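Listed below are the residues making up each chain.
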Amino acid sequence: MMLHSKTVFVSLLTLGLTACNGSQADSEENSQAVKDLIQKTKDNMILVEGGSFQMGDFGPIDPNLTGSDKGLPYSADEDNKPLHKVTLDTFYMSPTKVTYADYDVFTAATGRERINTTNEFEMQFRQDNVPAGVDWQQAHDYCSWLADETSLPFALPTEAQWEYAARSGGQFIPYGTSTGTLEKGKSIPTRYDVDKATHTGIRSNLAPYPVTLYPPNKLGFYQMGDNGREWVSDWYQASPEKNPQGPESGNEKVVRGLPRGEGWGGALTIERYHVRPDIGEYSLHTEYSFRCVVSSEAMEK
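Residues numbered from 1 in each chain as written. Predicted model: local features only at pLDDT ≥ 70, side-chain atom pairs only at ≥ 80, totals over all residues. Heavy atoms only, no water.

A. How the structure looks around helix H6 (residues 191–198). Looking only at H6, the buried set comprises Asp 193, Val 194, Ala 197 and Thr 198. For H6, the buried positions fall inside an angular range of 110° around the axis, keeping them on one side. Residues of H6 that are exposed and point more than 90 degrees away from the buried face comprise Tyr 192 and Lys 196. (Buried < 20%, exposed > 50% of the residue type's maximum accessible area, 1.4 Å probe, protein only. Helix = DSSP H or I, 4+ residues; strand = E, 2+ residues; numbered from the N terminus. Arc of directions from axis to C-beta.)

Okay, here's the thing in structure tokens:
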């Protein structure tokens, strides 16, 4: 009887040590993944020189418009009017939307469940190199985690920062693509491009695609207007002129861009939309994406 008890004890001890060693290995692997993600994020941040620009529908003052288009607005939407001057300090911003691969490192490091693994429809579009589909709080938490890990003020961009970067430093550029225009097969993907890149086996205009599928805009930012509406920090309302942050509270957050580019093209750099931070019960998380910013002073210390 004693021999049997001793055997059981040794077996349990062995299992315990194996579990501990496995846990330690997992911990070390995740710790390295966090270090790699932070280093990659910091290395890839793009400098955006601050300055003043006319935010909103700049069609009436766009010197590039000629003929019958000259002096006309780009949009009939009143939400991007009136045109107003905004001044921004220099900042850094992520060149791409945050991917599932990056977001999974965050959830593993913080002991959270991986996102979008229970809804079968959204799961079919889940790939490492496509934008992570999140609500506003999930986007905010990721940037805040980066801030905690790096002691740098990572945050969601303000919508003024987003538009300024999409317009390559506030220039009169209607679309945040490599050409400033929507040209399928050149500046935005065709349906064939998306089907080939996603490898889902499902033809759907809901499918997000790789974050660097097509060339970036002049400053180096990818997909500023398509492949996922982007969360910004602002509550929905008009903003002041100097480094606008938006109101202190509200019911909806501002998002920029369209859920996907295939078949739709992309949103004008001036277009702004608003939605509940939790996106509500009738929206898909895969429609919403994000990227982070950090001030230049903090990055350069």
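Having seen the structure, we can now continue with the description.
B. Quick look at the pattern of salt bridges. Per the counting criterion, the structure on display carries 14 salt bridges. Ionic pairing is found between Arg 167 and Glu 163, a salt bridge with its closest N-O pair at 2.8 Å. Glu 163 carries the same exposure label as Arg 167, and that label is buried. When its relative accessible area of 1% is taken as the criterion, Glu 163 is described as buried. Connected via shared salt-bridge partners are Asp 79, Glu 159, Glu 163, Arg 167, Arg 256 and Arg 272. (Salt bridge = Lys/Arg side-chain N within 4 Å of Asp/Glu carboxyl O.)

C. Inspection of the nonpolar core at higher detail. In terms of nonpolar packing, the biggest core is built from 33 residues, with Tyr 103, Val 134, Tyr 142, Trp 145, Phe 154, Trp 231 and Phe 290 touching the most fellow members. Looking at this core, the element that brings in the most residues is helix H4 (residues 136–150), giving 7 residues. Sequence-distant contacts of Val 134, defined by excluding residues within four places in its chain, comprise Tyr 103, Ile 115, Ala 139, Trp 231, His 285, Tyr 288 and Phe 290. Listed in part, the 18 residues of the second largest apolar core include Trp 162, Ala 165, Ala 166 and Phe 221. (Core = buried A, V, L, I, M, F, W, Y, C linked by side-chain atoms within 4.5 Å. Contact = heavy atoms within 4.5 Å.)

D. How the structure looks around unusual backbone geometry. The amide bond that connects Lys 81 to the next residue, Pro 82, takes the cis arrangement and shows omega of 0°. Assignment of secondary structure puts Pro 82 in the loop between strand S2 (51–55) and strand S3 (84–88). Although it is not a glycine, Asn 116 sits at a positive phi angle of roughly 55°. Positionally, Asn 116 belongs in the loop between helix H2 (100–110) and helix H3 (120–123).

E. Just the sheet that holds strand S4 (residues 91–93), in detail. As summarised here, the arrangement of the 3 strands in space is S1-S4-S9, forming an open sheet in which the pairing is antiparallel. The two strands at the open ends of the sheet, each matched to only one other strand, are strand S1 (46–48) and strand S9 (293–295). Strand after strand, the sheet turns through a mean of 30° between neighbouring axes, direction not considered. (Pairing = 2+ DSSP bridges. Axes fitted to C-alpha atoms, helices over the stretch in contact; angles between N-to-C directions.)

F. Structural detail: the environment of Phe 91. Structurally, Phe 91 can be placed in strand S4. Judged by relative accessible area, Phe 91 falls into the buried class, the value being 1%. Setting aside residues no more than four positions away along its own chain, Phe 91 makes contact with Ile 46, Leu 47, Val 48, Gln 161, Tyr 164, Val 293, Val 294, Ser 295 and Ser 296.

G. Molecular detail of the side chain of Ser 168. With respect to the secondary-structure elements, Ser 168 resides in the loop between helix H5 (159–166) and H6. Setting aside residues no more than four positions away along its own chain, Ser 168 makes contact with Ile 173, Asn 217, Lys 218 and Leu 219.

H. Structural view of the sheet that holds strand S5 (residues 229–235). Ordered in space as S7-S6-S5-S8, the 4 strands form an open sheet in which the pairing is mixed. Either end of the sheet is taken by a strand with one partner, and the two such strands are strand S7 (273–275) and strand S8 (288–289). The pairing of S5 with S8 spans 2 bridges and is parallel. What sits directly across from Arg 229, in S8, is Tyr 288.

I. The arrangement of the pairing of S5 in detail. Summarising burial for S5: 6 of the 7 residues are buried, a large majority. Across 3 bridges, S5 lies against strand S6 (residues 253–256) in antiparallel orientation. Considered in S6, the bridge of Glu 230 is made with Arg 256.

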